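# Residue-level structural notes
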Amino acid sequence: MTEFTLHDLQCFDAVIRTGGFQPAAAVLHRSHPAVFAAVAKLERQLDLCLLDRNGYRVRATEAGLSFHRRALSLLRELDGLRVHAAQLAMGEESEIHVVIGDLCPRPHVLGMLGRFFAQCPGTRLHLHFEAVGGPWERLFDDEADLILHWVDKGDARVEWVDLCKVSFIPVVAPGFLPERIEQPITLDQMQALTQCAMRDSARHSPQQNYSLIEGAPQCLVADQGMKKEIILQGLGWGHLPRFLIEEELHDGRLQSIAGRHLPGRTDELVVARRRDRPHGPIANRLWDHIQQEAPALRRAL
């Protein structure tokens, strides 16, 4: 058996993923005949029939599926090697883009960033503040080196480090609730009252809403500080991070209405970046710095 090439494997993988030679050629920016020839050559070299070409769409044979599963590990290693080589070739970055999400405890996070960038005078920090799905969108639009927010941990394109858990509590100002509302408070009882919520800052992704009561009057705001002030002034109710309202809960300026029907929620704050993109030396040092500071952040909250 003669040696097959990585190009042959890439063509075969693209055909499996796209379901045809023409779409595979488009993905690889190759001609249709070139992709067809590469896969045919691979089959000859292996003495295996990898594809069933009898249907409208080509499909992998049983042998083809088994071979493809093993080939994927090699192709992933190749991608990782390319990313590593790109990182080695990069000099120190002149700028770093960091996105801070709406569930971040800002004084702690900004202090953590300030301590790091004080040691990197040659690198300019670009800070972006986004809410709900905005940080995630910036990360996948290649507009952020890293984000501090929640992530979908099932997405293989990202890697993350857990920083802390952030509890969100449904709260109201004293006197906000009508006297007719009885405990335990239900969603139906809250439907007529204005609910203050974060506005999703994502520009082109589907809008996401959390803990919203369908049909209730809404007040949408850009940040947690404005949301807190609106609730304090009795203009609405909503979920706020506990770290932001500890004093107000203690002195009675805000009251928790958490219960069986309004349990609140807990989000996981992480630092995340793309696994499938190269990162320069400053970005890697920042990543390590945040990991080292994570235990102190957890203790502070």
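So, a few notes on the structure that sits alongside this text. (Residues numbered from 1 in each chain as written. Predicted model: local features only at pLDDT ≥ 70, side-chain atom pairs only at ≥ 80, totals over all residues. Heavy atoms only, no water.)

So, about the pairing of strand β3 (residues 95–100). Bridge count for β3 against strand β4 (residues 124–129) is 6 bridges, and the pairing is parallel. Bridge assignment links I96 to a residue of β4, and that residue is L125. Crossover β3 to β4 through helix α5 (residues 106–117) is right-handed. Across 3 bridges, the pairing between β3 and strand β5 (residues 146–149) is parallel. Bridge pairing in β5 places I100 opposite L148. (Pairing = 2+ DSSP bridges. Helix = DSSP H or I, 4+ residues; strand = E, 2+ residues; numbered from the N terminus. Right-handed = clockwise from strand over helix to strand, strands pointing away.)

Moving on, we come to the pairing of strand β11 (residues 265–274). The buried fraction of β11 is high, at 7 of 10 residues. Across 3 bridges, β5 lies against β11 in antiparallel orientation. If you follow I147 over to β11, its bridge partner there is A272. Strand direction decides the pairing type here: strand β6 (residues 158–172) and β11, joined by 10 bridges, are antiparallel. (Buried < 20%, exposed > 50% of the residue type's maximum accessible area, 1.4 Å probe, protein only.)

What follows is about the side chain of D13. As for its position among the elements, D13 is in helix α1 (residues 6–18). When neighbours within four sequence positions are excluded, D13 is seen to be in contact with H68, L72 and L75. (Contact = heavy atoms within 4.5 Å.)

Scanning the entire structure with this criterion turns up 23 salt bridges. Residues R53 and E43 are paired through a salt bridge, measuring 2.7 Å at the closest nitrogen-oxygen approach. Here R53 is found in the loop between β1 (51–52) and β2 (59–60), whereas its partner E43 is found in helix α3 (residues 32–46), with 10 residues between them in sequence. Here E43 falls in the buried class, since its relative accessible area comes to 10%. One salt bridge connects E143 with R138, and the closest N-O pair in it is separated by 3.2 Å. Connected via shared salt-bridge partners are E130, E137, R138, D141, E143 and R203. (Salt bridge = Lys/Arg side-chain N within 4 Å of Asp/Glu carboxyl O.)

On the secondary structure map, H239 appears in strand β9 (residues 238–241). Under the relative-accessibility criterion, H239 is labelled buried at 6%. As for H239 and M198, which are separated by 41 residues in sequence, their C-alpha atoms are 9.5 Å apart. Those residues in contact with H239, other than ones at most four positions away along the chain, are F168, I169, P170, S211, Q224, K227, G264 and R265.

So, on to the packing of α1 against α3. Between two packed helices, the angle of one axis relative to the other and the distance separating the axes together describe the packing. At a minimum axis distance of 8 Å, the contact between α1 and α3 shows a crossing angle of 110°. Considered as vectors, α1 and α3 are oriented roughly perpendicular to each other. Contact with α1, carried on its side by H7, D8, L9, C11, F12 and V15, involves V35, A38, V39, K41, L42 and Q45 of α3 and no other residues of that element. Of the residues assigned to the contact of α1 with α3, the class counts are 8 nonpolar, 2 polar and 2 charged. (Axes fitted to C-alpha atoms, helices over the stretch in contact; angles between N-to-C directions. Parallel < 35°, antiparallel > 145°, perpendicular 65-115°, else oblique. Nonpolar A, V, L, I, M, F, W, Y, C, P; charged D, E, K, R; others polar.)

This paragraph deals with the packing of aromatic side chains. Applying the stated criterion across every chain yields a total of 6 aromatic pairs. Note on F4 and F67: the rings are 6.1 Å apart at their centroids and 80° apart in plane angle, and the pair reads as edge-to-face. With F4 in the segment before α1 and F67 in helix α4 (residues 62–89), this pair connects stretches of sequence that are 63 residues apart. Grouped by ring-pair contacts, the aromatic residues F4, F12 and F67 constitute a single cluster. The ring of F168 has R265 sitting right over it, with the charged end atom 4.2 Å from the ring centre. The side chain of R273 reaches across the aromatic face of W287, ending 4.3 Å from its centre. (Phe/Tyr/Trp six-rings, centres within 6.5 Å; stacked < 30°, edge-to-face > 60°. Lys NZ or Arg CZ within 6 Å of the ring centre and 35° of its normal.)

With that settled, the discussion passes to the environment of I169. Structurally, I169 is set in strand β6. With 45 residues separating them in the primary sequence, I169 and E214 have C-alpha atoms 19 Å apart.

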